[in-house]
Amino acid sequence: MLLLALDTSLSSPEGFEEVRAYLGSPLAKLVSWALLSALLYHLVAGVRHLIMDSGHGETLEGGKLGSKVVIAVSAVLIVLAGVWIW
């Protein structure tokens, strides 16, 4: 979908304005924010797993702490992404 928007925006000035108006709509912003939120959570959880693979946080207490840190960091990044998009 984004590749089609890129192609349309690069085809002509009218296409650029059409894509700009489409991506500026509240629904498109909401969908972009939702997708970016999922990617940010996945990124933070992946970093947690890399840290666990290096031998840190493998205990039950470490796992619980790690999951809380992932949720907290993800929440902050998701809010920042929402501010950036809106």
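Residues numbered from 1 in each chain as written. Predicted model: local features only at pLDDT ≥ 70, side-chain atom pairs only at ≥ 80, totals over all residues. Heavy atoms only, no water.

If you look the protein up in an unreviewed UniProt entry, it shows as Succinate dehydrogenase cytochrome b556 subunit from Stutzerimonas stutzeri. In its Function (unreviewed entry) section, the UniProt entry covering the protein states "Membrane-anchoring subunit of succinate dehydrogenase (SDH)." UniProt's Sequence similarities (unreviewed entry) comment on the protein is quoted here verbatim: "Belongs to the cytochrome b560 family." (UniProt positions renumbered as here; feature names shortened; annotations may be inferred.)

Caption draft 1: Quick peek at the layout of surface pockets. For the largest pocket, the calculated volume is near 240 Å³. Those elements that place two or more of their residues in the lining of the largest pocket are helix H2 (13–23) and helix H3 (26–53). By residue number, the principal contributor to the lining of the largest pocket is H3, which donates six residues. Taken together, the residues that form the lining of the largest pocket break down as nine nonpolar, one polar and no charged. Broken down by secondary-structure element, the contributors of at least two residues to the lining of the second largest pocket are H3 and helix H4 (60–85). Broken down by element, the lining of the second largest pocket gets its largest block of residues, seven residues, from H4. (1 Å grid on protein atoms, 1.4 Å probe; cavity = no way out; pocket = protein on both sides within 12 Å on 5 of 7 lines; lining within 4 Å. Points joined across faces, edges and corners; volume = space filled by probe spheres on them. Helix = DSSP H or I, 4+ residues; strand = E, 2+ residues; numbered from the N terminus. Nonpolar A, V, L, I, M, F, W, Y, C, P; charged D, E, K, R; others polar.)

Caption draft 2: Summary view of the packing of helix H1 (residues 2–11) against H2. Relative orientation of the contacting elements H1 and H2 amounts to 140 degrees, with a least axis distance of 5 Å. As the angle between them shows, H1 and H2 are arranged oblique. Here Ala5, Thr8 and Ser9 of H1 come into contact with H2, specifically with Gly15, Phe16 and Val19. (Axes fitted to C-alpha atoms, helices over the stretch in contact; angles between N-to-C directions. Parallel < 35°, antiparallel > 145°, perpendicular 65-115°, else oblique. Contact = heavy atoms within 4.5 Å.)

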